[in-house]
Amino acid sequence: QVQLVESGGGSVQAGGSLRLSCADSGRTFSSSAGGWFRQAPGEEREFVAAITSTGATFYADSVKGRFTISRDNAKNTVYLQMNSLKPEDTAVYYCALHLAGSLYYTGSYYRWGQGTQVTVSS
């Protein structure tokens, strides 16, 4: 199964910014919702943000006002702009394509990226 390819992770100081990208080589991208999740060591994977095929956006309360999800269907790419980063944002970030069901639930997604590390130091 073709995977999603993520990029843009790295290490920043608190208050800094990063932009994650998620590129899809499949043919279903433009008709699918896309989501970002994150997983910190010892924690479960949690919802961060999602965007529908029509551009509606949804965010976890912990990132609302700081993160922005967007998509470029011409490039088959979903982005996550992360501003005002905090140490608690440190995690491996995963993008995924939605299949069915709640946008907030990992089980609703059927294709995943390999993950990209984001580290925020205080």
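**Q** Any chance you could explain the overall build of the chain here in plain terms?
**A** On a plain count of helices and strands, the chain comes out with zero helices and eleven strands. The order of helices and strands in the chain, counted from the N terminus, is β-β-β-β-β-β-β-β-β-β-β. Against the 2.2 N^0.38 benchmark of 14 Å for 122 residues, the chain shows a C-alpha radius of gyration of 13 Å, consistent with a compact globule. Its C-alpha atoms give the chain principal-axis dimensions of about 40 × 25 × 25 Å. Within the chain, counting contacts between residues at least 6 apart in sequence, those at least 24 apart form 58% of the total. For the chain, the computed accessible surface area is about 6100 Å², with 48% contributed by carbon and sulfur atoms. Here the chain carries 10 positive and 9 negative side-chain charges, and the mean point of each set is 8 Å from the other.

**Q** Looking at this structure, how should I read the nonpolar core?
**A** In summary, soluble globular proteins display a tendency toward joint burial of nonpolar side chains. Core analysis: the largest hydrophobic core is formed by 34 residues, its most contacted members being Trp-36, Val-48, Phe-67, Ile-69, Leu-80, Met-82 and Tyr-93. Secondary structure elements with two or more residues in this core: β3 (18-24), β4 (34-39), β5 (46-51), β7 (67-72), β8 (77-82), β9 (91-98), β10 (109-112) and β11 (116-121). It is β9 that contributes the most residues to this core, six residues altogether.

**Q** Please clarify how unusual backbone geometry should be interpreted in this entry.
**A** A negative phi angle characterises most non-glycine residues, just as the trans form characterises most peptide bonds. At Asn-76, a position not held by glycine, the phi torsion is positive, near 50°. Looking at where Asn-76 falls in the secondary structure, it is placed in the loop between β7 and β8. Phi at Ser-84 is positive, roughly 50°, even though this residue is not glycine. Along the chain, the position of Ser-84 falls in the loop between β8 and β9. On the basis of relative accessible area, Ser-84 is assigned to the partly exposed category, the value being 41%.

**Q** How should the side chain of Arg-66 be read in this particular structure?
**A** Following the sequence through the fold, Arg-66 ends up in the loop between β6 (57-59) and β7. Apart from the residues lying within four places of it in its own chain, the contact partners of Arg-66 are Gln-81, Met-82, Asn-83, Ser-84, Leu-85, Lys-86 and Asp-89.

**Q** Which parts of the structure should I look at to understand the packing of aromatic side chains?
**A** Each aromatic ring pair is characterised by the separation of its centres together with the angle its planes make. Overall, the coordinates contain six aromatic pairs when judged by the stated rule. Seen in terms of ring centroids, Phe-58 and Tyr-104 are 6.3 Å apart; in terms of plane orientation they differ by 80°. Their pairing is edge-to-face. Linking Phe-58 in strand β6 with Tyr-104 in the loop between β9 and β10, this pair joins segments that are 46 residues apart in sequence. We classify Phe-58 as partly exposed; its relative accessible area is 29%. On the basis of relative accessibility, which here comes to 45%, the residue Tyr-104 falls in the partly exposed class. Members of the aromatic cluster, joined through ring pairs, are Phe-37, Phe-47, Phe-58, Tyr-104, Tyr-109 and Trp-112. Here the basic side chain of Arg-19 rests over the ring of Tyr-79, its NZ or CZ set 4.0 Å away from the ring centre. Over the aromatic face of Phe-29 sits the side chain of Arg-71, whose NZ or CZ is 4.7 Å from the ring centroid.

Calculation rules
- All residue numbers refer to position in the chain's written sequence, counted from 1.
- At least 70 in pLDDT is required for a residue's local features to be given in this predicted model, at least 80 for side-chain atom pairs to be given and counted, and no such filter applies to totals for whole chains, interfaces and linings, which use all residues.
- The basis for the side-chain values is all heavy atoms of the structure; hydrogens and waters are excluded.
- By definition, any uninterrupted DSSP run of H or I lasting at least four residues is a helix, any uninterrupted run of E lasting at least two residues is a strand, and each is numbered from the N terminus.
- The reference for a compact globule is 2.2 Å times residues^0.38; the radius of gyration itself is calculated from the C-alpha atoms.
- Any pair of residues with heavy atoms lying within 4.5 Å of one another is described as a contacting pair.
- Under the convention used here, a 1.4 Å probe and the Shrake-Rupley method define accessible areas, while residue burial counts only the protein chains that appear.
- Asp and Glu count as negative and Lys and Arg as positive, but His and the ends of the chain are not part of the count.
- One atom stands in for each charge, and that atom is NZ of Lys, CZ of Arg, CG of Asp or CD of Glu.
- What we call a nonpolar core is a set of buried Ala, Val, Leu, Ile, Met, Phe, Trp, Tyr and Cys residues that are connected through their side-chain atoms within 4.5 Å.
- Only protein chains enter the accessibility calculation, which uses a 1.4 Å probe. A residue is then buried if its area is under 20% of the maximum for its type, exposed if over 50%, and partly exposed in between.
- Stacked, edge-to-face and tilted are the three classes for Phe, Tyr and Trp ring pairs, Trp counted by its six-membered ring, which pair at centre distances within 6.5 Å; planes under 30 degrees apart are stacked, over 60 edge-to-face, the rest tilted.
- Our definition puts a charge over a ring when NZ of Lys or CZ of Arg is within 6 Å of the ring centre and also within 35 degrees of the ring normal.

Read these as spatial facts, not as claims about activity.
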